[in-house]
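# Structural features, examined
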Amino acid sequence: MPIATTEAHAAAPVAAPRRVLATVGAYVALTKPRIIELLLVTTIPTMVLAADGWPSLGLLAGTLIGGSLSAGGAQVFNSYLDRDIDAVMKRTRRRPLVTGAVSERGALVFAWALSILSTLWFWFVVGSPLAAVLSVLAILGYVVGYTMILKRRTAQNIVWGGIAGCMPVLIGWAAVTNELAWTPFLLFLIIFFWTPPHYWPLSMKFRGDYEQARVPMLPVVAPVRKVAVEMLGYAAAMVTVSLALAWVAGMTWVYVGVAAAAGAWFLAGCVRMYRRSRAGESKLHEMRLFRDSITYLSIVFAAVMVDPFLTDVLSVR
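Throughout, residues of each chain are indexed from 1 in the direction in which the sequence is written. Given that the model is predicted, a residue must reach a pLDDT of at least 70 before its local features are reported, and side-chain atom pairs must reach 80 or more before they are shown or counted; all residues, however, enter totals for whole chains, interfaces and linings. The side-chain values count all of the structure's non-hydrogen atoms but skip hydrogen atoms and water molecules.

Numbered from the N terminus, helices here are DSSP runs of H or I no shorter than four residues, and strands are runs of E no shorter than two. A tally of regular secondary structure across the chain gives 15 helices and zero strands. Rg of the C-alpha trace for the chain: 22 Å, near the compact-globule value of 20 Å for 317 residues, within the 12% margin. Its C-alpha atoms give the chain principal-axis dimensions of about 85 × 55 × 35 Å. Summarising the internal contacts of the chain: among those between residues at least 6 apart in sequence, 75% fall at separations of at least 24. Under the counting rule used here, the positive set is Lys and Arg, the negative set is Asp and Glu, and His together with the chain ends is not counted. To locate a charge, take NZ of a lysine, CZ of an arginine, CG of an aspartate or CD of a glutamate. Separation of charge centres in the chain, based on 27 positive and 16 negative side chains, amounts to 8 Å. C-alpha atoms define the radius of gyration, and 2.2 Å times the number of residues to the power 0.38 defines the globule rule. Here, two residues are considered to be in contact whenever any of their heavy atoms come within 4.5 Å of each other.

Rendered as C-alpha cells:
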C-alpha cells in the first residue's frame, strides 16, 4: 500500500501539466489557427504596400497580434454558435465544444475576452481608432452576418459572409495610414471574389456533411455544373481586380506579370473543373482546386509585398 501511494503522488505532478496543456490546446483550437494564418498572409503585404516599404517592427507586430486576437474571437463565437452543426458533421466532430474539452460557458467568456481585448489593443497599443472600428465590424460581420443570419438561410452565405474575411487588409492599411483609400478596397475585392472559388470546392468535398447538417451551401442545393460556372465567374473577376490594382496603386510590371500568370493558372483550374462537371465526371479533383486557391492568394500577396522594393523604372505609370 505505501508503494502504491508513493506512485500516485509521483504521477500527480506529471499529470497536472498535461491537463493544463490539453486545456490550453483546446482553447487555442477554438480560434482555428490555420484560418488566422491565412488572414495574416494578406495583412503583412498590405501593410508593406501602405508604408511603401517595411513598417516599423512594433507596428507590424502590434497589428498582427491585434488581428490574431480579433480573428480568434470571431472564430470562437462561431464555434460556440455552430456547435450543433459541428456535432453532426464528420469533419468537425472532434472540435473542443463537441467533445466537451471546453465548456460552453468557457468558450463564450473566451470569445468575449478576445474580442474586447483586440478592440482595446488596436485603439491604445496600435494607436489606430479606425483599425479598432474596422476590427469590431469584422467580428460583427462574421458572427452576426455570416454565422447567425446567412449560413443557415441562403446558398449565398459564403459570398456575403466572406466579407468579414476581407477586412484584415482594410485593418492593416488603417493601422499604417490611419485612413482608407482605393488601394485597400481593391485588395479587399481580390479576397472577396477569391472566397467562393476557394470555399466551394471544400463544400463539394464535404457535401454530405453540409446536407446532413442542413446548411445550404451552394454545392448542396445546386448542380455541380452551376457551381463550377459561378466559380469561374468569381475567379475571372478576382483576376481582373488583381490586375487593376497595379494601375491604381502605381505598382510595377513585375507584379502585373506575377498576378497575370498566377491568375491564368488558377482560371485554368476552374475551367478544368467546369469541363469535368459538364462531362458528368464523378472525380472533380475539388480539393486540388481548394489547395491551389490558397497557393494563388499567397503568390499574389507575396508579389504585393515585394513590389514596393522594386525600382520605379518598372512602374506601370
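Ring pairs are drawn from Phe, Tyr and Trp, using the six-membered ring of Trp, whenever the two centres fall within 6.5 Å, and their geometry is named by plane angle: stacked under 30 degrees, edge-to-face over 60, tilted for the rest. Scanning the entire structure with this criterion turns up 10 aromatic pairs. Any Lys NZ or Arg CZ that is within 6 Å of a ring centre and within 35 degrees of that ring's normal is treated as a charge sitting over the ring. Across from the ring centre of Tyr80, 4.2 Å away, lies the NZ or CZ of Arg83, which sits over that ring. Lying over the aromatic face of Phe206, Arg91 brings its terminal NZ or CZ to 5.1 Å of the ring centre.

So, about the nonpolar core. To qualify as a nonpolar core, a set must consist of buried Ala, Val, Leu, Ile, Met, Phe, Trp, Tyr and Cys residues joined through side-chain atoms within 4.5 Å. Accessibility here uses a 1.4 Å probe with only protein chains present; expressed as a share of the type maximum, an area under 20% marks a residue as buried, one over 50% as exposed, and anything in between as partly exposed. Residues Leu187, Ile190, Trp200, Met238, Leu245, Tyr255 and Tyr296 are the most contacted members of the largest nonpolar core, which totals 91 residues. For this core, the element with the most residues is helix H10 (residues 182-205), which contributes 12 residues. Aside from chain neighbours lying at most four places away, what touches Trp200 is Ala155, Ile158, Val159, Leu218, Pro219, Val227, Glu230, Met231 and Tyr234.

Once that is clear, we can look at helix H6 (residues 104-126). The length a helix should cover is 1.5 Å for every residue beyond the first. With 23 residues, H6 should reach 33 Å at 1.5 Å per residue; the first-to-last C-alpha distance of 31 Å fits that figure. The reported bend at a residue is simply the angle between two axes, fitted to the 7 residues ending at it and to the 7 residues beginning with it. The largest bend in H6 is about 25 degrees, located at Leu120. Burial in H6 covers these residues: Gly106, Ala107, Ala111, Leu114, Ser115, Ser118, Phe122 and Val126. After H6 finishes, the residue Gly127 shows a positive phi value of roughly 80 degrees.

Let's shift gears to the pattern of salt bridges. One speaks of a salt bridge when a side-chain nitrogen belonging to Lys or Arg is within 4 Å of a carboxyl oxygen belonging to Asp or Glu. Here the structure, examined in full by the defined rule, presents seven salt bridges. Among the salt bridges present, the one from Arg95 reaches Asp86, with a minimum N-O distance of 3.3 Å. Under the relative-accessibility criterion, Arg95 is labelled partly exposed at 25%. Residues Glu211 and Arg207 are paired through a salt bridge, measuring 3.4 Å at the closest nitrogen-oxygen approach. Taken as a pair, Glu211 and Arg207 lie in helix H11 (residues 207-213) at a separation of four residues, close to a single helical turn. You can call Glu211 partly exposed: its relative accessible area is 43%. The network of salt bridges with shared partners includes Asp82, Asp84, Lys151 and Arg152.

Next up on the list: unusual backbone geometry. Its identity as a non-glycine residue notwithstanding, Lys32 has a phi of 55 degrees, on the positive side. Of note, Lys32 is situated in the loop between helix H1 (2-30) and helix H2 (33-51). Here the phi dihedral of Arg214 falls at roughly 60 degrees; this positive angle occurs in a residue that is not glycine. Tracing the sequence through the fold places Arg214 in the loop between H11 and helix H12 (218-221). The exposure class assigned to Arg214 is exposed, which follows from its relative accessible area of 74%.

This next bit is on the packing of H10 against helix H13 (residues 224-249). Helix axes are fitted only over the stretch in contact, all axes being lines through C-alpha atoms; the angle between N-to-C directions runs from 0 to 180 degrees. Between H10 and H13, whose axes approach to 9 Å, the crossing angle comes to 160 degrees. Viewed along their axes, H10 and H13 adopt a mutual orientation that is roughly antiparallel. H13 is crossed by H10, and the crossing has left-handed handedness. Ten residue types, Ala, Val, Leu, Ile, Met, Phe, Trp, Tyr, Cys and Pro, are classed as nonpolar, four, Asp, Glu, Lys and Arg, as charged, and the remainder, Gly among them, as polar. By residue class, the composition of the contact of H10 with H13 is 24 nonpolar, two polar and one charged. With respect to orientation, any angle under 35 degrees is reported as roughly parallel, any angle over 145 as roughly antiparallel, any angle of 65 to 115 as roughly perpendicular, and every other angle as oblique. What makes a crossing left-handed is the near helix being turned counterclockwise from the far one by less than a right angle; a clockwise turn instead makes it right-handed.

Counting through the fold element by element, Gly280 comes out in the loop between helix H14 (253-278) and helix H15 (286-306). Given the relative accessible area of 59%, Gly280 is considered exposed.

Their axes nearest at 9 Å, the elements helix H3 (residues 57-81) and helix H7 (residues 129-150) cross at an angle of 20 degrees. Classed by the angle they form, the pair H3 and H7 counts as roughly parallel. You can see that H3 and H7 cross each other, and the crossing is right-handed. On H7, the residues touching Ser70, Ala74, Gln75, Phe77, Asn78 and Leu81 of H3 are Ser135, Ile139, Tyr142, Val143, Tyr146, Thr147 and Met148. Residue composition of the contact of H3 with H7, grouped by class: eight nonpolar, five polar and no charged.

In short, shape yes, function no, at least from these values alone.
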